[in-house]
Every structure is written in C-alpha cells, then in structure tokens.
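Listed below are the residues making up each chain.
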Amino acid sequence: MPVKNDTYFRHLKPAEKDYKRSDSGGLFMLVTKTGSKLWRYGYNFDAKQKLLALGQYPLISLADARTKRDDAKRLLAEGIDPSVERKAERRDARIARSHTFEAVAKELMDKFEAEGDAPTTLKKKQWLLDFANKEFGKRPIAEIKAPEILDALRKIEKRGRHETATRVRSTVGAVFRYGIATGRAEQDPAADLRGALITPTVTHRATIVEPDAVGALLRAIDGFEGNAAIRYALRLAPLFFVRPGELRKAEWAEFKLENAEWRIPAAKMKMRRPHRVPLAHQALSILRELQGITGGSKYLFPSVRSWHRPISDNTLNAVLRRLGYDKTELTVHGLRSTASVLLNESGKWHADAIERQLAHQEQNEVRGAYIHAAEFWDERVRMMCWWADELDRLRDHGRVVKIRA
C-alpha cells in the first residue's frame, strides 16, 4: 500500500455517513458527514480495543498526528495506557490552572461578592488585583516570592502612586492568605514587604471644623438659588452626615416620618449593615417641604435629566465649588468629619454613640460587634436633636439682624 501524504487527507470530502481512512500503525482519519476531519489512534490495551483522540485536521497536521501516535506507542511499550495518561495530564493541567495567583484571586473575589460586598467595592478590589495579575497572575501562587511582588509594586511607585502600591500589597496579601486557607500556598510573601514600600502621605478629606466657618457654610447653602432638590440635599447633608452615596441614593420608602427615622438598608451601606438615622424636627420640616417637590419620584433627589435616577456623584461637590469652596477646603464627605469633630469636642456624647451614628467600622472585630449590638439608639436620638439645634445656632451666630428704624 502506497504511503499516504497530507494532500490525500486534505482532499477527502464528507459523505452521507461518517467514514474512516487509515494511515499506518493504527492511525486513521475519521471524516464526519458534517465535514470534520478527526485524527484517531486505535490500539489494544489489557485485551481491550481502545481509541485515542489526537486532534482535528488541519489544526493537527499529518506529521503532528504521526508524532502523537508514536508517543502513544512508547507509553504502551512501558505498560501505560495512553488514554489514562491523557486524562491524568488534563487533570494536572486543570489543577495547575486553579493554582495560579489569578485563579485564587478570582475565587476570593467570588467570595467577597457572595458575602455582599458593594459593586463599587468589588470594582476597586479588582482594579487593585489587576496590577498584580498583569505581573504574575499566570504564575503558580506557591512559587511567587516576595522580591517578585516588590518588583511589581516598585513599578507602581515609580509612577508616584504610593498609596496605590500600599493598597495593592494589602490586597495581594489577602489573596495569599486565602491561598493558604485553601491549601494552595504555604505563606504570605506580601507580609514580608511591610516597611519596604514608600510610606504614602496621608491626605484627609477636606473639611471645616471651626464653628464660625461652619456657620458661614450653612448660610451659603441657604443662599443657593439653583435646583431645589439639590438645595435640600445640601441642607440635609450636615444634619445627617451620612456618606455622599447614601445621601444621594436616599429613597422615600426608607423614611418613616411618623417615627422620625431614616432606615438605610444594608445593601446601600459601606459596611453592609443596616443603619438608622434619627430625624430631628429640623430634618422633618425640610423633608416635608421636599416631599411636596420630589415626592412623586422614587428618590429624594432625582436627577435633572431623569426622574428615575438619583443625582450624580459629583453634583453636590460641584455646587460647593459654585459656593466658593474648592476641593482643598471642603467636600460633602468632609461634612462627616465636621460632625465627628464637633460632636466629640462638645463632650456631651459617648464616643461609641458618635461612631455608631457615623456607621464606622471598628478595627477590633470584638469591639466592633459590641458597638454594633449596643446601638446607643436613645443617646443617638438625643444627640441628633442637639446637633440640629447646634447647627441652627452656628448658622444664626453670624447672621445680620435688620433693626427697624
């Protein structure tokens, strides 16, 4: 029988039924009725006739198929079943893929999502992981050493992003700790890099804490003549001192005006815990006025462009700029610091009650659980009423009073 060549197999055409065309040594091509050309190797092992798939033509050429056949014959000569060896190789490859840094990081991100991390939080974590994945994501996590991680972090530092480098190190460490817990890593080399990075300069949120300056801000807000919903949002921001995202996404269904309470669901909170805001009579008055304006919307502060969406992230800060406060002086988030400083300096309120109202996460987990469980609700109600009165006092302190002649 003449030796067949690549041209022979290339010109085979599909028929009404699948058919085979042999090459040599047990190698043959299966031509399917749909036109696929598949290499197969037939052999006997342990008194059984078996088949080994070698790939599809022309991706696997005739020469490649013959090489694969010869490799299988060598295994048979050693008493190894090629099909069993193929399955073992695939299993090992699958395990190897699941042991890469990128695969372990993906599992950890899935865990964070299942635990209820906010989409914005997940996005930030993935953004940090992308720096690491770019450098060593495809490498087995157990083989990655501290110098390799440091080299990746140095590249971030060279761009002046010291804070980002520090956060990437922390996030990479979380992946290694998860790898240790799941048996794919033995240590966290990122932990060995503490002190090796440039310490970032801490920049606090721009805020104002001088009482006279706070009063001037409140008067400036009262004088804002733009969009009504935005004006009310700015008036409520210092009263509530919640995070900007929690304020702008506030929904009427969350407010129990008859109980003087705003209940924010866990899904909207940074720490994924439900939060309550006591409503002083000043807040209730503002809310009832606002209800007559935006009560037909789902949101307290709907966008100018769409009644079905809240105002954007930058809306309130943009208004502060129009009022004369640049980003180094004040941000809406900075109003949380304003409240924190002045409430603590008053000496009237328990520090834990203030922290609970700020919905801060206590670093000590045991103490954090205590603060969350304690709630301090009665004290917080009194505190928020006092705070609203204090803001009124600060606002009126510098107001010019007209005297009739």
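About the criteria used
Residues numbered from 1 in each chain as written. Predicted model: local features only at pLDDT ≥ 70, side-chain atom pairs only at ≥ 80, totals over all residues. Heavy atoms only, no water. UniProt positions renumbered as here; feature names shortened; annotations may be inferred. Helix = DSSP H or I, 4+ residues; strand = E, 2+ residues; numbered from the N terminus. Rg over C-alpha atoms; globule rule 2.2 N^0.38 Å. Contact = heavy atoms within 4.5 Å. Lys, Arg positive; Asp, Glu negative; His and termini not counted. Charge placed at Lys NZ, Arg CZ, Asp CG, Glu CD. Pairing = 2+ DSSP bridges. Axes fitted to C-alpha atoms, helices over the stretch in contact; angles between N-to-C directions. Core = buried A, V, L, I, M, F, W, Y, C linked by side-chain atoms within 4.5 Å. Buried < 20%, exposed > 50% of the residue type's maximum accessible area, 1.4 Å probe, protein only. Expected span 1.5 Å × (residues − 1).

The name an unreviewed UniProt entry gives the chain is Phage integrase, with Rhodopseudomonas palustris as the organism. Of the chain, the UniProt comment under Sequence similarities (unreviewed entry) reads exactly: "Belongs to the 'phage' integrase family."

## Observations regarding the overall build of the chain
A tally of helices and strands in the chain yields 16 helices and seven strands. What you see for the chain is a C-alpha radius of gyration of 33 Å, clearly larger than the 22 Å of a compact globule of 405 residues, by over 25%. Across its three principal axes, the chain shows a C-alpha extent of roughly 125 × 50 × 40 Å. Long-range pairs, those at least 24 residues apart, make up 58% of the contacts in the chain with a sequence separation of at least 6. Of the side-chain charges in the chain, 73 are positive and 54 negative, and the distance between the mean point of each set is 6 Å.

## So, the sheet that holds strand S1 (residues 19–22)
Backbone hydrogen bonds are what pair the strands of a sheet, in a parallel or an antiparallel way. Spatially, S1-S2-S3-S4 is the arrangement adopted by the four strands of the open sheet, whose pairing is antiparallel. A single partner strand is all that each edge strand has here, and the edge strands are S1 and strand S4 (48–57). The sheet shows a mean angle of 30° between the axes of neighbouring strands, direction not considered. Relative to S4, strand S3 (residues 37–45) is paired through nine bridges, and the arrangement is antiparallel. Paired with Gly 42 across the strands is Leu 51, a residue of S4. Sitting on the sheet, helix H2 (residues 62–77) is in contact with strand S2 (27–31), S3 and S4, with an inclination near 15° to S3.

## Quick look at the nonpolar core
Membership of the largest hydrophobic core comes to 55 residues, with the highest contact counts inside it found for Phe 240, Phe 255, Trp 262, Leu 279, Leu 287 and Phe 301. For this core, the secondary-structure elements that each account for two or more residues are helix H8 (211–222), helix H9 (228–240), strand S6 (261–264), helix H11 (281–294), helix H12 (315–322), helix H13 (334–346), helix H14 (351–358) and helix H16 (377–397). Looking at this core element by element, the count peaks at eight residues for H9. Setting aside anything within four residues of it in sequence, one finds Phe 255 in contact with Phe 240, Ala 250, Glu 261, Trp 262, Leu 279, Leu 287 and Leu 300. Among the nonpolar cores identified, the runner-up in size contains 30 residues, and Leu 128, Phe 131, Val 172 and Leu 193 belong to it.

## Details of the UniProt feature "domain: Core-binding (CB)" (unreviewed entry) in the chain
UniProt's entry tags residues 99–180 with the feature "domain: Core-binding (CB)" (unreviewed entry), counted in the numbering of this structure. The span residues 99–180 is 77% helix and 0% strand, and its two end C-alpha atoms sit 11 Å from each other.

## Overview of H16
Because each turn of an α-helix spans 3.6 residues, side chains separated by three or four positions end up pointing in the same direction. Compared with the 30 Å implied by 1.5 Å per residue over 21 residues, the 30 Å span of H16 between its first and last C-alpha is a close match. Of the residues making up H16, those classed as buried are Trp 377, Glu 379, Arg 380, Met 383, Met 384, Trp 387, Ala 388, Glu 390, Leu 391, Leu 394 and Arg 395.

## Concerning the pairing of S2
With five of its five residues buried, S2 lies for the most part within the structure. Taking every second residue as pointing to the same face, both faces of S2 are buried, with Leu 27, Met 29 and Val 31 on one and Phe 28 and Leu 30 on the other. Here S1 runs beside S2; their pairing, made up of four bridges, is antiparallel. From the neighbouring strand, Ser 22 faces S2, where its bridge partner is Phe 28. In terms of strand pairing, S2 meets S3 through five bridges, oriented antiparallel. Looking at S3, one finds that Leu 27 is bridged to Tyr 41. Hairpin connection, S2 to S3: the antiparallel pair is bridged by five residues, and Gly 35 has positive phi, about 105°.

## Observations concerning the sheet that holds strand S7 (residues 275–278)
Here three strands make up an open sheet; going across it, the order is S5-S6-S7 and the pairing antiparallel. Each edge of the sheet is formed by a strand with only one pairing partner; in this case those strands are strand S5 (255–256) and S7. Its contacts with the sheet put H16 on S6 and S7, and the angle it makes with S7 is roughly 45°.

## What to know about the pairing of S6
Relative to S6, S5 runs antiparallel, the two being bridged by two bridges. From the neighbouring strand, Phe 255 faces S6, where its bridge partner is Trp 262. Turn length for the S5-S6 hairpin, with the two strands adjacent in sequence and antiparallel, is four residues, and the turn residue Ala 260 shows positive phi of about 55°. Bridge count between S6 and S7: four bridges; the pairing is antiparallel. Along S7, the bridge assignment pairs Arg 263 with Arg 276.

## Re unusual backbone geometry
Note that the residue after Tyr 57, namely Pro 58, is joined by a cis bond; omega there is 5°. With respect to the secondary-structure elements, Pro 58 resides in the loop between S4 and H2. The phi dihedral of Ala 47 is positive, around 65°, even though this residue is not glycine. Looking at the element boundaries, Ala 47 is found in the loop between S3 and S4. According to the relative accessible area criterion, Ala 47 is exposed, its value standing at 86%.

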